[in-house]
Amino acid sequence: MISHLLTSHTQKIETSLVRELLHYSQQPDVLSLAGGLPDEKYMPAYPSLDVLADSRQYGPSEGEIRLREQVVSIVADRGLSTVADDVLITTGSQQGLDIISRLILDGDSTILTEQPTYLAACQVFSLQGATIHDVASDAQGMSLEALRQAIDAHHPKALYLIPNFQNPAGHCYSLQRRREIAALLDEKGILLIEDDPYRDLCYEQVDLTPICSLLKTAPWLYLGSFSKVLWPGVRTGYSVSCPAFSPYLVKVKQAIDLHTNRLGQEMVSYFLSSGGFPAHLVTLKEVYKHKRDVMAQALSSELGDLVTFTLPAGGMFFWLRLPDGVSSTLVLEEALRENVLVLPGVPFFPSESPLKDSFLRLSFARVSLDDINKAVAVLAGVIKRLLTK
């Protein structure tokens, strides 16, 4: 037994259901609607090593300067002004969450999240011993009144939000809600951690303004990723911060892994500079929008009024409300017997909620159009059978 050697926080951390189910999605006979995996058929080819800068030696902890300057331009187009010194290249945006958590959270800290929220964020917050309180959200974003009440009740260090095509619920914040939240954070002096990995996968005319760009006095940290639009396997993301955080983020990064993989950084940077990135995004949006529409039609045709969902304006996911009395965990078990993999909503709720077993997160990005229809037909059969039990 080694339990006496583990920290109390490590002993309490829960495994990620998404990662545990990943091996099923890699089996050729399983139709997976579970993971947020991009479709590799639409990933660009890797650039030749001959055209990349030499990356064999150790590199700067902050990341390659050319890529950091490219990130400055990317976020400037989003309305967020920064400089390369305030950009940190990370091993996926997940590492950005880890670095930020190590920097600001401990056993005495409280952090607020949406309800539901990204389960791997809760993992890293919990690993630092922080207390997580989730705040009710609606189709416009986190409820302003509920947020105010949570701040007054729990005195949090930070607020973690995914305003664009939220994972898992898929909603996109209205501009009015973004402004209201920014004003409240300025009033209370609360740190905003804004996670924005899906914004490039936008299928409708919606507002995408970074809430960080609306802040006047509150501190902020902004996370982005190239995983959903290029190559998730090379694990390249970034954090942008208000200047006061930058030296501390670099120190934590140095302690964790010295620097992010230089070859992956060079590959991403080369593709961004090649001029092909805008056209690539157009293709991705066309493909994923079509898949989204096919899944929406299949859900409506197969399940009618038995389930409820909102058509996501972007991203990769449907958030499906099951009929009363149908357990998402049972749906997972029954559907897997028929080689269809879905993801229960349970792990996306940081706090206990009577609704946590009432949802499924369904991803349409990696599945073919035919397989979307096949998988939804199986899912519908499972739900209807469970309703009769």
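See the structure shown above.
Residues numbered from 1 in each chain as written. Predicted model: local features only at pLDDT ≥ 70, side-chain atom pairs only at ≥ 80, totals over all residues. Heavy atoms only, no water.

### Thoughts on the overall build of the protein chain
Convention followed: Segments assigned H or I by DSSP are reported as helices when at least four residues long, segments assigned E as strands when at least two residues long, and all are numbered from the N terminus. Our radius of gyration is a C-alpha quantity, and the globule rule it is checked against amounts to 2.2 Å times the number of residues to the power 0.38. Each residue gets one of three labels from its accessible area relative to the maximum for its type: buried under 20%, exposed over 50%, partly exposed in between, using a 1.4 Å probe on protein chains only. Every residue pair with non-hydrogen atoms within 4.5 Å of one another is taken to be in contact. In this description, accessible areas are obtained by the Shrake-Rupley approach with a 1.4 Å probe, and a residue is regarded as covered only by the protein chains that are shown. Positive charge is attributed to Lys and Arg, negative charge to Asp and Glu, and no charge count is given to His or to the chain ends. Throughout, a charge is located at the NZ atom of Lys, the CZ atom of Arg, the CG atom of Asp or the CD atom of Glu.
Of the regular secondary structure elements, the protein chain holds twelve helices and 13 strands. Since a compact globule built from 389 residues should have a radius of gyration of about 21 Å, the 21 Å found for the protein chain is in line with a globular shape. C-alpha extents for the protein chain along the principal axes are approximately 60 × 55 × 55 Å. When burial is assessed residue by residue, the protein chain has 56% of its 389 residues classed as buried. Within the protein chain, counting contacts between residues at least 6 apart in sequence, those at least 24 apart form 75% of the total. Carbon and sulfur atoms provide 52% of the accessible area of the protein chain, an area that totals close to 16,800 Å². For the protein chain, the distance from the average site of its 34 positive side-chain charges to the average site of its 44 negative ones is 1 Å.

### A look at the side chain of Lys253
Position of Lys253 among the secondary structure elements: in helix H8 (residues 246-257). Judged by relative accessible area, which is 0%, Lys253 ranks as buried. Those residues in contact with Lys253 that sit more than four places away from it in its chain are Ser61, Leu88, Ile89, Thr90, Thr91, Gln95, Ile99, Leu258, His259 and Thr260.

### As for the side chain of Arg262
Put simply, the test is: The definition of a polar contact used here is a pair of N or O atoms within 3.5 Å, where within protein one atom must be able to donate a hydrogen and the other to accept one, and adjacent residues in sequence count solely through side-chain atom pairs.
With respect to the helices and strands, the residue Arg262 is situated in helix H9 (residues 262-273). Using a relative accessible area of 13% as the deciding quantity, one classes Arg262 as buried. Looking at Arg262, its side chain comes within polar contact range of the side chain of Glu64, at 2.8 Å. The residues contacting Arg262, other than those within four sequence positions of it, are Asp54, Ser55, Gln57, Tyr58, Gly59 and Glu64.

### Things to note about the sheet that holds strand E2 (residues 87-90)
Inclusion rule: Strand pairing is assigned whenever DSSP detects at least two bridges linking the two strands. Here the axes come from fitting lines to C-alpha atoms, over the contacting stretch only for helices, and the angles between their N-to-C directions go from 0 to 180 degrees.
Pairing in this open sheet of eight strands is mixed, and the strands run E2-E9-E8-E7-E6-E3-E4-E5 from one edge to the other. The open sheet has two edge strands, E2 and strand E5 (141-142), and neither has a second partner. Helix-sheet contacts for helix H4 (residues 92-104) involve E2, strand E6 (158-161), strand E7 (191-195), strand E8 (220-225) and strand E9 (237-241), and the interaxial angle to E8 is about 160°.

### Some details on the packing of aromatic side chains
Selection rule: In this analysis, rings of Phe, Tyr and Trp, with Trp reduced to its six-membered ring, are considered paired at centre separations within 6.5 Å, and the interplanar angle assigns stacked below 30 degrees, edge-to-face beyond 60, and tilted for intermediate values.
The full count for this structure, using the stated rule, is twelve aromatic pairs. Measuring from centroid to centroid gives 6.2 Å for Phe271 and Phe277, while their planes differ by 85°, and the two rings are edge-to-face. An identical accessibility class is assigned to Phe271 and Phe277; each is buried. Ring pairs connect the aromatic residues Tyr46, Trp231, Phe271 and Phe277, which therefore count as one cluster.

### Overview of the pattern of salt bridges
Which entries qualify depends on this criterion: We define a salt bridge as a side-chain nitrogen of Lys or Arg found within 4 Å of a carboxyl oxygen belonging to Asp or Glu.
Counted according to the given criterion, the structure contains 22 salt bridges. Salt-bridge contacts for Lys291 lead to Asp39; the nearest nitrogen and oxygen are separated by 2.7 Å. Of this pair, Lys291 sits in helix H10 (residues 277-303) while Asp39 is found in the loop between strand E1 (31-32) and helix H3 (65-77), placing the two residues 252 residues apart along the sequence. There is no split in this pair, since Lys291 and Asp39 are both buried.

### Quick look at the pairing of E6
Defined as follows: Handedness is read with the strands pointing away from the viewer; a crossover is right-handed when the path from the first strand over the helix to the second is clockwise.
Covered by surrounding structure in E6 are Ala158 and Tyr160 together with Leu159 and Leu161, the residues of both alternating faces. As paired elements, strand E3 (residues 110-115) and E6 share three bridges and run parallel to each other. If you follow Ile111 over to E6, its bridge partner there is Ala158. Pairing geometry for E6 and E7, over four bridges, is parallel. Bridging from a neighbouring strand, Leu159 pairs with Leu192 of E7. Since E6 and E7 lie parallel, the crossover through helix H7 (residues 175-188) that links them has a hand, and here it is right-handed.

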